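Read off the chains here:
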Amino acid sequence: MAKKTPWKKYMDELYVKAFLSCVITGASCGLAGAFILLLEIPFVGVAVSHAAMAGGVWGVILGLPGKLSAFAASILMSALLGPVSDRVKSSVNSILSVMFAFLMALALLGVGLFEGHRQMLYSVLWGNVFLSGWMDILFSIFVLSIELLFIFYYYNRLMFVLFNREMAAANGIKARGIYYMMLLLTGAVVSAGLNTAGGLMIFGMIILPAAAAKQVCVSFKSFIILSGAAGLFSGACGSLLAFAFNLPLGATVVIFMAGIFAVSAVYKHFRQLRFKKI
Amino acid sequence: MNNVFASAENLDVILGSKKILSRVNLKIKQGEFITLIGPNGSGKTTLVKCFLGLVKPAGGKVSLMTEKYGYIPQSSCEERGFPATAGELIETAAAGTGMNKDAVKKEINEIITELKIQKILKSRFYELSGGEKQKVMLAMVLVRKPELLVLDEPNLNLDPYAYLNFLKLADAVHKKHNITVIFVTHMINTMPVSSARVVVLKKGEISFDGRADRLFGKKNAMEKIYG
């Protein structure tokens, strides 16, 4: 067998698929992060990923396809989140705390009872991007497309709702529907990204690009664009770094994102200093 | 033109296990500037939210003769550092009104000239002063051409000077556009002088409804509101 040159290994289908997964997941997480950060519900990523984990584990135990049941559980969780918090007149963060604790316990109970092959369970928890198939990538592209369509179509209404949900509702905008759609989309983004980053890392992939963009952006339009671009760029650079140095992929991407956040925070600090001098 | 524009009949509101409003009867005429005053927790915000359809009554009836209304709530997102310019927010509020692009542009230009906020359009909203933020939010509401304007405690984050300016502005807007205004406040000294009619809400019930001079002409005006 002829020895491959170092760069040639990246042309293998395995690496191409992993690279694409990271880039697409990075972009869709970055965009979803823009909503999540402004809605001030950062833990929705962790809670939804644990719903996916519980759904996946119990799906396998009950003889159902693991990925499908994980997806169904995360969509169900994000779809119920808004109506439940509105109905019980409680903040979404309070509901998330309760759901997170319950779902984690449910997932761990399932792990304890599960006697079969545990690879699927670990991939939901830690992610395993090298197990991504073309169908997974197509699904991620589908979720990203829906997200982009949602942003383009509802741009003005979305911005008004994120600015002040009550004011938007009182000024004739169907704020509740838009709010629920944002939560539902977040659920879809999380479940599509589980293979890439895993339930624990996806939180960072959602929050960090948006947090970095918020440091430097003046306008809402630039914030949305930069948030998605930072996620995409981190997914690309993080995955290439992970391939080059044989590092865990999800963690490398998230650390790269944290680096971008640090740079943006330093930039903001110096910009404020400059304004103070002026 | 002085027909009934908004009304509440025997309105009851229960939130959780607490009765917030009890058999409230109120009629508001078109073009009125009405001040809704009362101590904290008296149900002022709940009452205006009932008119706007944000709170469902447990009993009674609420009717509003228009779907064109604007509401500036007590709290805004300023603490969150919302990443948007003042101009972007005003343009966003104008979208979906059914007006074409040129009409929207013209309307926005008129409003920003009227409120004198041309210089802050490119600034980040959260970096503006309290008074400037209120003006931007007022512009966001006005570009939607409301027939009813609800201002819920606009004095909360303003110093007296900025508040006085805002009151003058609200009064000018009311007169120029003939908009019905409901002004909510809990402080007697922050009541707009232009408001001819005052409604005092106490423990979920209306304890006074009449001309402002009739209320303040009484020796026990403070007692009537807060006692």
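Analysis parameters
- Residues numbered from 1 in each chain as written.
- Chains lettered and ligands numbered in written order.
- Predicted model: local features only at pLDDT ≥ 70, side-chain atom pairs only at ≥ 80, totals over all residues.
- Helix = DSSP H or I, 4+ residues; strand = E, 2+ residues; numbered from the N terminus.
- Rg over C-alpha atoms; globule rule 2.2 N^0.38 Å.
- Buried ≥ 20, exposed ≤ 12 C-beta atoms within 10 Å, placed from the backbone.
- Contact = placed C-beta atoms within 7 Å.
- Domains from an automatic or database assignment.
- Nonpolar A, V, L, I, M, F, W, Y, C, P; charged D, E, K, R; others polar.
- Axes fitted to C-alpha atoms, helices over the stretch in contact; angles between N-to-C directions.
- Parallel < 35°, antiparallel > 145°, perpendicular 65-115°, else oblique.
- Left-handed = near helix turned anticlockwise from the far one by under 90°.
- Pairing = 2+ DSSP bridges.
- pLDDT = per-residue confidence, 0-100.

So, the overall build of chain A
Logical step 1: Helix and strand counts for chain A come out as ten helices and zero strands.
Logical step 2: When the helices and strands of chain A are listed from N to C terminus, the series reads α-α-α-α-α-α-α-α-α-α.
Logical step 3: Over its C-alpha atoms chain A spans a radius of gyration of 19 Å, differing by no more than 12% from the 19 Å that the globule rule assigns to 278 residues.
Logical step 4: Across its three principal axes, chain A shows a C-alpha extent of roughly 65 × 50 × 30 Å.
Logical step 5: Counting across all 278 residues of chain A, residues that qualify as buried make up 50%.
Logical step 6: Here the contacts in chain A between residues at least 6 apart in sequence split such that 76% fall between residues at least 24 apart.

Digging into the overall build of chain B
Logical step 1: When helices and strands are counted, chain B shows seven helices and nine strands.
Logical step 2: Residue burial in chain B is summarised as follows: out of 227 residues, 40% are buried.
Logical step 3: When contacts within chain B are restricted to residue pairs at least 6 apart in sequence, those whose partners lie at least 24 apart make up 71%.

Looking at the interface of chain B and chain A
Logical step 1: Contacts between the two partners involve 25 residues from chain B, matched on the other side by 22 residues from chain A.
Logical step 2: Breaking the side of chain B that touches chain A down by element, the ones donating at least two residues are strand E5 (69-72) and helix H2 (86-94) of chain B.
Logical step 3: The leading source of residues in the side of chain B that touches chain A is H2 of chain B, at four residues.

Observations concerning the domain arrangement of chain B
Interface size is commonly expressed as the accessible surface area that is lost when the partners come together.
Residue and element names in this part refer to chain B.
Logical step 1: What the domain assignment reports for chain B is domain 1 (1-68 + 146-227) and domain 2 (83-144).
Logical step 2: Here the C-alpha centroids of domain 1 and domain 2 sit 25 Å apart.
Logical step 3: If one sorts the elements of the side of domain 1 that touches domain 2 by residue count, helix H5 (residues 160-177) sits on top with five residues.
Logical step 4: Across the side of domain 1 that touches domain 2, the residue classes tally to eight nonpolar, two polar and no charged.

Details of the environment of Val190 of chain A
Residue and element names in this part refer to chain A.
Logical step 1: Examined against the element boundaries, Val190 turns out to sit in helix H8 (residues 175-216).
Logical step 2: What makes Val190 buried here is the crowd of 35 C-beta atoms within 10 Å.
Logical step 3: It is 9.7 Å that separates the C-alpha atoms of Val190 and Met205, two residues lying 15 residues apart in sequence.
Logical step 4: Every residue in contact with Val190, bar those within four places of it in the chain, is listed here: Gly45, Val48, Ser49, Ala52, Ser74 and Ile202.

Here's the deal with the environment of Ser97 of chain A
Logical step 1: Position of Ser97 of chain A among the secondary structure elements: in helix H4 (residues 92-113).
Logical step 2: Measuring from C-alpha to C-alpha, the distance between Ser97 of chain A and Ala47 of chain A comes to 7.8 Å, with 50 residues separating the pair along the chain.

Here's the deal with the packing of helix H6 (residues 134-163) of chain A against H8 of chain A
What describes two packed helices is the angle between their axes and the distance between those same axes.
Residues and elements named next belong to chain A.
Logical step 1: It is the contact of H6 with H8, at a shortest axis distance of 10 Å, that shows an interaxial angle of 155°. Taken together, the axes of H6 and H8 are roughly antiparallel relative to one another. Two packed elements cross with a definite hand, and for H6 against H8 that hand is left-handed. Seen from H6, the contacting residues are Asp136, Phe139, Ser140, Val143, Ile146, Glu147, Phe150, Tyr154, Arg157, Leu158 and Val161; seen from H8, they are Ala175, Ile178, Tyr179, Met181, Leu185, Ala188, Val189, Ala192 and Asn195.
Logical step 2: Across the contact of H6 with H8, the residue classes tally to 15 nonpolar, two polar and three charged.

Side note on unusual backbone geometry
Logical step 1: At Glu40 of chain A, a position not held by glycine, the phi torsion is positive, near 60°.
Logical step 2: Topologically, Glu40 of chain A is positioned in the loop between helix H1 (13-39) and helix H2 (44-61).
Logical step 3: Look at Asn178 of chain B: it is not a glycine, yet its phi comes out positive at around 50°.
Logical step 4: Assignment of secondary structure puts Asn178 of chain B in the loop between H5 and strand E7 (180-185).

Here's the deal with helix H1 (residues 44-51) of chain B
Residue and element names in this part refer to chain B.
Logical step 1: Most of H1 sits inside the fold, with eight of its eight residues counted as buried.
Logical step 2: Turning to H1, its buried residues number three or more, namely Lys44, Thr45, Thr46, Leu47, Val48, Lys49, Cys50 and Phe51.
Logical step 3: One or two residues past the end of H1 sits Gly53, with phi positive at roughly 80°.

A word on the sheet that holds strand E4 (residues 59-64) of chain B
All names here are of chain B.
Logical step 1: Here we have three strands laid out as an open sheet, ordered E2-E1-E4, and antiparallel in their pairing. With one partner strand each, in any of the chains shown, strand E2 (18-29) and E4 form the two edges of the open sheet. Neighbour to neighbour, the strand axes of the sheet diverge by 20° on average, direction disregarded.
Logical step 2: Strand direction decides the pairing type here: strand E1 (residues 4-15) and E4, joined by five bridges, are antiparallel. Bridge pairing links Ala6 to Leu64 in E4.
Logical step 3: Contacting E1, E2 and E4, H1 crosses the sheet at an angle of about 120° to E1.

What to know about the sheet that holds strand E6 (residues 148-152) of chain B
Strand pairs in the sheet, formed through backbone hydrogen bonds, run parallel or antiparallel to each other.
Residues and elements named next belong to chain B.
Logical step 1: Spatially, six strands are ordered E5-E6-E7-E3-E8-E9 in an open sheet, and the strand pairing comes out mixed. The sheet terminates laterally at E5 and strand E9 (205-211), the two strands that pair on one side only. Sheet twist, expressed as the mean angle between neighbouring strand axes with direction ignored, is 15°.
Logical step 2: Relative to E9, strand E8 (residues 197-202) runs antiparallel, the two being bridged by six bridges. The residue of E9 that forms the bridge with Leu201 is Ile206.
Logical step 3: Contacting strand E3 (33-37), E6, E7 and E8, H1 runs over the sheet at an angle of about 155° to E7.

Things to note about the confidence of the model for chain A
Logical step 1: In this model, chain A carries a mean pLDDT of 85, and residues with pLDDT of at least 70 account for 91%.
Logical step 2: Helix H9 (residues 220-245) of chain A holds the highest mean pLDDT among the elements of chain A, 94, whereas helix H5 (residues 119-126) of chain A holds the lowest, 68.

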